[in-house]
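A closer look at the structure
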Amino acid sequence: MHHDPQKLLEMLQEGHARFMAGESRHPHSSAYRLHQLVEGQHPLAAVVSCSDSRVPVELLFDAGFGDLYVVRTAGNTSFTDTIGSLDYGVLGLNLQLIVVMGHEGCGAVTAACTPQEAMTPALQDLVLNIRSGLDEEGVGSELDRAFRANSRVAARRLLQGSELMRSRVAEGTLRIEAACYTLEKGDIEWLGPVSAS
Ligand SMILES: [Zn+2]
């Protein structure tokens, strides 16, 4: 089953519209579907989102088993593990759409915008990495801008970190779209695709 990236994005948006309208169908959520998938997976799209418990990706897009290839880290960061996971998704699963979805009220981004006291070394790495991206975008401590900028940075860093993704985006067989989930209303603000140039 092949679709163009634009069509895949529309399918995600339709699932989210069902969720927003209170008309979620909870597709592909049965044990039967799980059994069907034993032989392999053919997800529609990849989503990079935050570990935050308020951002359950499958519920937001009204999707089920086998539908979405999801990478979640605090602050939806594009470290090597995220890039490697998506390289596999693109190479091994032929994914053509990656959505990088940050969210309002993100604790990791907030930590990058406000002075922190005690942090572990790994947590400090994560927060400093987010901070460096916000600096690249010229964002100081304005949280509303920071939540959105962090999504754009993470999307861009996927491309910067992956020759494979750069070439697929350049040839038009992969789209990487940044987005921000608004938390309070459940809306998703679409921030546009990143380009390979
Ligand atoms: Zn978060």
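Here the structure is shown first, and the text comes after it.
These remarks concern the structure in this document. (Residues numbered from 1 in each chain as written. Predicted model: local features only at pLDDT ≥ 70, side-chain atom pairs only at ≥ 80, totals over all residues. Heavy atoms only, no water.)

Once that is clear, we can look at the side chain of aspartate 52. By the secondary structure assignment, aspartate 52 is in the loop between strand 1 (45-50) and helix 3 (57-60). Judged by its relative accessible area of 14%, aspartate 52 is buried. A distance of 2.7 Å separates a polar atom in the side chain of aspartate 52 from a polar atom in the side chain of arginine 54. Ignoring any residue separated from it by four or fewer positions in sequence, one finds aspartate 52 in contact with Arg72 and His103. (Helix = DSSP H or I, 4+ residues; strand = E, 2+ residues; numbered from the N terminus. Buried < 20%, exposed > 50% of the residue type's maximum accessible area, 1.4 Å probe, protein only. Polar contact = N/O pair within 3.5 Å; in protein donor to acceptor, adjacent residues only side chain to side chain. Contact = heavy atoms within 4.5 Å.)

Counting through the fold element by element, glutamate 137 comes out in the loop between helix 6 (121-136) and helix 7 (143-161). When its relative accessible area of 23% is taken as the criterion, glutamate 137 is described as partly exposed. Taking the C-alpha atoms as reference, glutamate 137 lies 19 Å from aspartate 125; in sequence the two are 12 residues apart. If sequence neighbours within four positions are ignored, glutamate 137 has contacts with Arg145, Ala149, Arg152, Val153 and Arg156.

Glycine aside, residues mostly have negative phi, and peptide bonds are mostly found in the trans state. Residues other than glycine seldom take positive phi values, yet aspartate 62 does so here, at roughly 45 degrees. If you check the backbone angles, asparagine 76 has positive phi at about 35 degrees while not being a glycine.

Packing of helix 6 against helix 7 leaves a shortest axis separation of 9 Å and a crossing angle of 100 degrees. By the criterion of interaxial angle, the relationship of helix 6 to helix 7 is roughly perpendicular. Of helix 7, the residues touching helix 6 (which contributes Asn129, Ile130, Ser132, Gly133, Leu134 and Glu136) are Ala146, Ala149, Asn150, Val153, Arg156 and Arg157. Of the residues in the contact of helix 6 with helix 7, the class split is 5 nonpolar, 4 polar and 3 charged. (Axes fitted to C-alpha atoms, helices over the stretch in contact; angles between N-to-C directions. Parallel < 35°, antiparallel > 145°, perpendicular 65-115°, else oblique. Nonpolar A, V, L, I, M, F, W, Y, C, P; charged D, E, K, R; others polar.)

This next bit is on the pattern of salt bridges. In a structure, side chains of opposite charge can pair up when their charged atoms sit close to one another. Taken as a whole and assessed by the stated rule, the structure comprises 13 salt bridges. The shortest N-O distance in the salt bridge between glutamate 137 and arginine 152 comes to 3.2 Å. Linking glutamate 137 in the loop between helix 6 and helix 7 with arginine 152 in helix 7, this pair joins segments that are 15 residues apart in sequence. What you see here is one network of salt bridges that share partners, running through Glu136, Glu137, Arg152, Arg156 and Arg157. (Salt bridge = Lys/Arg side-chain N within 4 Å of Asp/Glu carboxyl O.)

Bringing the coordination of the zinc ion into the picture now. The coordination sphere of the zinc ion, as far as protein atoms go, consists of Cys50 (SG), His103 (NE2) and Cys106 (SG), spread over 2.0 to 2.3 Å. We note that the donor set of the zinc ion lies within a single chain, spaced as C-x52-H-x2-C. Residue cysteine 50 is located in strand 1, and its partner cysteine 106 is located in the loop between strand 3 (97-103) and helix 5 (107-113); the two are separated by 56 residues in the primary sequence. (Donors = N, O, S within 2.8 Å, 3.2 Å for Na, K, Ca; no water.)

Now for the sheet that holds strand 2 (residues 68-73). Pairing is mixed in the open sheet, where 5 strands are placed in the order 2-1-3-4-5. Strands at the two margins of the open sheet, each flanked by one partner only, are strand 2 and strand 5 (188-193). When strand polarity is set aside, the average angle formed by the axes of neighbouring strands in this sheet is 20 degrees. Direction of pairing for strand 4 (residues 175-181) relative to strand 5: antiparallel, over a ladder of 5 bridges. Its bridge partner lying in strand 5, glutamate 177 is registered against proline 193. Across the sheet, helix 1 (residues 5-20) touches strand 1, strand 2, strand 3, strand 4 and strand 5, and the angle it forms with strand 3 is around 40 degrees. Of the strands in this sheet, strand 3, strand 4 and strand 5 touch helix 7, which is tilted by about 160 degrees from strand 4. (Pairing = 2+ DSSP bridges.)

Our focus in this paragraph is the nonpolar core. Counting residues in each nonpolar core, the largest one holds 21 residues, and the members touching the most others are Leu86, Ile98, Val100, Leu158, Met165 and Ile176. A total of 4 residues in this core trace back to one element, the largest contributor, which is helix 7. Those residues in contact with isoleucine 176, other than ones at most four positions away along the chain, are Ile98, Val100, Ala155, Leu158, Leu159, Met165, Val169, Gly192, Pro193 and Val194. In this structure, Leu12, Leu60, Phe61 and Leu68 belong to the second largest nonpolar core, which totals 17 residues. (Core = buried A, V, L, I, M, F, W, Y, C linked by side-chain atoms within 4.5 Å.)

Orientation of helix 4 (residues 80-92) relative to helix 8 (residues 163-170), taken along the N-to-C sense of each, is 45 degrees, at an axis distance of 9 Å. Comparing their axes, helix 8 and helix 4 come out oblique. Relative to helix 8, the crossing made by helix 4 is left-handed. Along the contact surface, helix 4 presents Ile83, Leu86, Asp87, Val90 and Leu91, while helix 8 presents Leu164, Met165 and Arg168. (Left-handed = near helix turned anticlockwise from the far one by under 90°.)

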